[in-house]
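# Results of the structural survey
Here is how the chains run, residue by residue.
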Amino acid sequence: MQVNSAVAEANFITPGTLIAAEKVNGTDVYNLTGEKLGTVVDIMIDRVRGRAIYAVMSFGGFLGMGEKYFPLPWANLKYDARQNGYVVNLDKKLLEGAPSYDRNSEFTWTPDYGRNVDSYYKAPSYWM
C-alpha cells in the first residue's frame, strides 16, 4: 500500500515548522559568513501545488532608491534560528549578475524568467 505523499509530509509538520507568509516578509537573508544580503519582501507560491517556490529578496539601494528584487529558489534558503533569518550559499558578487527587477518597475513573471532564475542558481527547474 502506497501512502499519499501529502499525508506523509504532513506527518513531519510541527507547530515549530509552520510560519505565516506575513511573518516571513521582512526576515533578513544572510550568506554563509553571516553577512546580511537583504530582506525577504515576498514569497512566490505555486497556487496549484500549494508550495513556496521563490523568496523575493530586496538588495541594494539606499532608503528604497535603486533597490532591486531578487527571486531566490526557496529550496536554497535554510532557516537559521540563531540569526533569526535565512541563510543562502551566495555572496554579494554573485547577486550583482543575478536575475532581478527594479522595485518600482512593472514586472510580469513568466516561465522563461523562472527558468532563468533556476539556471542562474543551479537549482532544479520548477518550470520543466
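Reading the values: rules and limits
- Starting from 1, residues in each chain are numbered consecutively following that chain's sequence as written.
- For a predicted model such as this one, the threshold for reporting local features is a pLDDT of at least 70, and the threshold for listing and counting side-chain atom pairs is 80 or more; totals across whole chains, interfaces and linings nevertheless cover every residue.
- To get the side-chain values, take all heavy atoms of the structure and skip hydrogens and water.
- Each residue is placed in one exposure class: buried if its accessible area under a 1.4 Å probe, protein chains only, is under 20% of its type's maximum, exposed if it is over 50%, and partly exposed if it falls in between.
- Put simply, DSSP H or I for four residues or longer makes a helix, DSSP E for two residues or longer makes a strand, and each gets a number counted from the N terminus.
- Here the rule is simple: two strands pair whenever DSSP picks up at least two bridges between them.
- Nonpolar cores are built from buried Ala, Val, Leu, Ile, Met, Phe, Trp, Tyr and Cys residues. Side-chain atoms within 4.5 Å join them into one set.
- Residues are treated as being in contact if the distance between any of their heavy atoms lies within 4.5 Å.

Attention now goes to the pairing of strand β4 (residues 68-73). Of all six residues in β4, five are buried; the element is thus mostly enclosed. Sheet topology note: the strand β3 (residues 51-59)/β4 ladder contains six bridges and is antiparallel. Considered in β4, the bridge of S58 is made with Y69. As judged from the two bridges shared by β4 and strand β7 (residues 101-102), these two strands associate in the antiparallel manner. Bridging across to β7, Y69 finds its partner in Y101.

Core analysis: the largest hydrophobic core is formed by 25 residues, its most contacted members being M57, L72, V88, L90, L95 and Y121. Mapped by element, the contributors of at least two residues to this core are β2 (36-46), β3, β4 and α4 (111-120). The residues contacting Y121, other than those within four sequence positions of it, are P71, L72, P73, N76, L90, L95 and A98.

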